[in-house]
Number of protein chains: 2
Amino acid sequence: MADGEAVSNKQVIFRDYVSGFPKESDMYVTTSTISLKVPEGSEAVLVKNLYLSCDPYMRSRMRNIQGSYVEPFKPGSPITGYGVAKVLDSRHPDFRTGDLVWGITGWEEYSLITTDERLFKIQHTDVPLSYYTGILGMAGMTAYSGFYEICSPKKGEYVFISAASGAVGQLVGQFAKLLGCYVVGSAGTKEKVDLLKNKFGFDEAFNYKEEQDLEACLKRYFPEGIDIYFENVGGKMLDAVLVNMRLHGRIAVCGMISQYNLEEPEGVRNLFTIVTKRIRMEGFLVFDYYHLYPKFLDLIMPYIREGKIVYVEDIAEGLESAPTALIGLYSGRNVGKQVVVVARE
Amino acid sequence: MADGEAVSNKQVIFRDYVSGFPKESDMYVTTSTISLKVPEGSEAVLVKNLYLSCDPYMRSRMRNIQGSYVEPFKPGSPITGYGVAKVLDSRHPDFRTGDLVWGITGWEEYSLITTDERLFKIQHTDVPLSYYTGILGMAGMTAYSGFYEICSPKKGEYVFISAASGAVGQLVGQFAKLLGCYVVGSAGTKEKVDLLKNKFGFDEAFNYKEEQDLEACLKRYFPEGIDIYFENVGGKMLDAVLVNMRLHGRIAVCGMISQYNLEEPEGVRNLFTIVTKRIRMEGFLVFDYYHLYPKFLDLIMPYIREGKIVYVEDIAEGLESAPTALIGLYSGRNVGKQVVVVARE
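All of the points below concern the structure found in this document. (Residues numbered from 1 in each chain as written. Chains lettered and ligands numbered in written order. Predicted model: local features only at pLDDT ≥ 70, side-chain atom pairs only at ≥ 80, totals over all residues. Heavy atoms only, no water.)

We now examine the side chain of Arg280(B). Turning to its location among the elements, Arg280(B) is positioned in strand β13 (residues 280-283). A relative accessible area of 15% means that Arg280(B) is categorised as buried. (Helix = DSSP H or I, 4+ residues; strand = E, 2+ residues; numbered from the N terminus. Buried < 20%, exposed > 50% of the residue type's maximum accessible area, 1.4 Å probe, protein only.)

Below you can see the structure in the form of structure tokens.
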């Protein structure tokens with residue numbers, strides 16, 4: 001490792017554990033240096049980061065809870081998360097210089113990725129590379145596994161999706177429409193509701209912030225009840241959905257973003273309907289389904305190429321914009337999948 | 001129908017819909033008359049009631065909620081519920097005079113059962129007839145379908161059962177032990193806890209009323225976590241269980257008796273663990289599984305005859321004792337399955 005190869009490396013550092021609502025000042029941007037060579041004796045990969053993904057689950061990593069499904073961020077170290085990157089140097093047998101990859105990387109210009117992290121080689125480059133932070137990456141696999149593996153969907157069923165314009169929700173809705181379901185989504189702004197109806201082809205959509213009575217609202221959109229609820233928000237919405245479920249309905253629990261910043265989660269009161277309606281409510285994590293990734297690509301690539309599945313991203317430019325972009329997720333400021341561009345190639 | 005055949009018929013009448021905790025005075029005992037012949041042109045069955053079943057779900061029928069999974073009781077009419085009876089007259093092709101049956105009947109000495117109600121002919125009479133109000137009837141089928149069809153149990157798994165000394169719980173625990181699971185039950189008195197450990201062969205049992213911190217209590221009994229929770233109570237216990245579940249755990253929701261008499265159900269706060277632990281939580285109703293009844297009998301009859309499955313009943317004598325017996329369920333006064341004897345033959 002020659003000294004001359006060390007370059008400056010801008011980074012987004014996680015300051016310290018957060019309680020309540022996260023703020024931009026819980027992160028800061030700094031510059032360190034990095035060697036662009038993988039150290040001898042390691043099987044690591046050295047990458048240049050191109051696109052970074054802002055995902056709701058990252059809130060969990062801002063808490064100092066050990067033994068959870070994700071490790072906490074390390075105070076004083078860069079944020080880590082899903083991203084798209086280009087391999088500059090590799091001592092890993094599966095990757096070589098010039099490869100494009102997606103997987104867990106750092107919020108910085110260059111990252112040394114150790115081999116125990118999951119990394120996928122990008123095969124199809126006839127779509128925007130940023131798609132691999134979302135529809136062709138973790139969010140896409142989340143939508144795919146949650147909908148097809150957990151929801152047991154059937155043609156003609158009534159499907160409701162909360163946080164429906166997000167990276168996962170927009171795709172679940174389109175999968176459901178392609179299967180012949182009736183699909184309604186909720187979102188938090190008029191712009192997002194318009195997207196759902198006019199861009200993603202949902203049958204109906206509503207702004208949950210404008211509804212005084214979510215239970216009555218869902219009854220309007222689902223006079224026959226809901227067969228499938230793709231749950232992204234939790235809390236009051238879940239309570240309203242429970243009383244509107246049909247017999248033998250299914251609830252795929254993907255996330256509960258409305259609860260992540262509360263000191264104590266809201267209580268859900270209508271759980272007894274799980275018995276009376278014989279509901280199956282099942283949580284899932286995408287990590288358990290990555291073995292299906294090739295099958296997923298076979299399904300979705302033709303749909304994307306033919307324009308039968310569309311995708312909306314909210315692009316923030318530059319590492320400096322990353323803290324604002326991430327925080328914005330929790331107030332629903334982003335429209336579509338929130339991406340941060342570090343570099344375009 | 002000759003007038004001379006009309007006999008007096010003692011009945012337990014449902015007075016009116018109930019909010020909050022039901023009281024004995026929500027029912028009253030009266031005497032009317034009944035003809036012991038089935039009217040011509042009907043396919044009904046006329047029975048003499050022998051044993052009546054007191055079941056937690058009956059609380060739901062004291063509310064005036066239409067379109068639920070069970071019909072409300074009719075104010076001014078006898079309570080209806082599961083029972084064992086002897087056929088005195090029949091115009092139904094499947095039943096004849098002298099048959100013993102179990103199914104939905106009235107809380108009275110004699111009932112005219114119309115054919116749209118589910119009625120099973122009793123084949124095995126080498127066990128106490130009262131068993132068909134519980135272990136060989138609805139409660140047995142509830143335990144069987146809930147455990148084998150919903151819990152996906154495997155040998156060696158960690159199983160927790162609440163309200164474990166009740167008609168359903170005691171049987172679920174014994175099924176789990178026979179499969180080679182580690183089984184812990186909760187109940188509300190020392191006597192019930194002793195029963196669980198000494199009579200039903202549970203590995204451990206505890207009195208939930210003596211535990212200040214249910215979450216810590218469950219951690220003591222399940223240092224490795226809970227694979228299967230058979231849910232009978234809801235509320236705080238469910239919250240405590242959720243944080244103690246293992247990865248890919250299953251919660252079979254059979255009932256939530258702690259919630260039935262509340263004006264508003266308690267909120268359950270720890271639902272997000274459904275995601276992090278990938279938990280499947282599924283409600284079920286025995287009505288969906290009665291087609292398995294012959295298979296169930298094939299399994300359980302040998303166990304009962306060989307003493308490998310035991311069963312405890314709490315017998316109340318006479319129709320007059322029925323209101324007290326039913327109300328007692330909701331304060332946990334009964335020890336074992338609550339039965340009311342109307343007549344022994």
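Counted according to the given criterion, the structure contains 34 salt bridges over all chains. For Arg278(A), the salt bridge goes to Asp288(B), with nearest N and O atoms at 2.8 Å. Of the two residues, Arg278(A) is situated in the loop between α6 (273-276) and β13 (280-283) and Asp288(B) in the loop between β13 and α7 (293-305); the pairing between them involves two chains. Under the relative-accessibility criterion, Arg278(A) is labelled buried at 14%. With a shortest N-O distance of 2.3 Å, Glu266(B) and Lys236(B) are connected by a salt bridge. (Salt bridge = Lys/Arg side-chain N within 4 Å of Asp/Glu carboxyl O.)

Further remarks concern the sheet that holds strand β12 (residues 245-253) of chain B. Taken in spatial order, the 12 strands of this open sheet run β10(A)-β9(A)-β8(A)-β11(A)-β12(A)-β13(A)-β13(B)-β12(B)-β11(B)-β8(B)-β9(B)-β10(B), and their pairing is mixed. Strands with a single pairing partner mark the edges of an open sheet, and in this sheet they are β10 (204-207) of chain A together with β10 (204-207) of chain B. Taken pair by pair, the neighbouring strands of this sheet meet at an average axis angle of 15°, ignoring direction. When strand β9 (residues 182-187) of chain B meets β10(B), the two strands line up parallel, connected through four bridges. If you follow Val184(B) over to β10(B), its bridge partner there is Glu204(B). Sitting on the sheet, helix α1 (residues 138-150) of chain A is in contact with β11 (226-231), β12 (245-253) and β13 of chain A, with an inclination near 150° to β11(A). Across the sheet, helix α2 (residues 167-179) of chain B is in contact with β8 (158-161), β9 and β11 (226-231) of chain B; its angle to β8(B) comes to roughly 170°. (Pairing = 2+ DSSP bridges. Axes fitted to C-alpha atoms, helices over the stretch in contact; angles between N-to-C directions. Contact = heavy atoms within 4.5 Å.)

Residues and elements named next belong to chain B. Taking 1.5 Å per residue, 13 residues should reach 18 Å; α7 reaches 18 Å between its end C-alpha atoms and fits that length. By the largest-angle criterion, Leu299 marks the main kink of α7, which is about 25°, and a proline, Pro302, follows within four residues. Tyr293, Phe296, Leu297, Ile300, Met301 and Ile304 are the residues of α7 that are buried. Residues of α7 that are buried make contact with β5 (100-106), β7 (119-121), α1 (138-150) and α2. (Expected span 1.5 Å × (residues − 1). Bend = angle between axes of the 7 residues up to and from the residue.)

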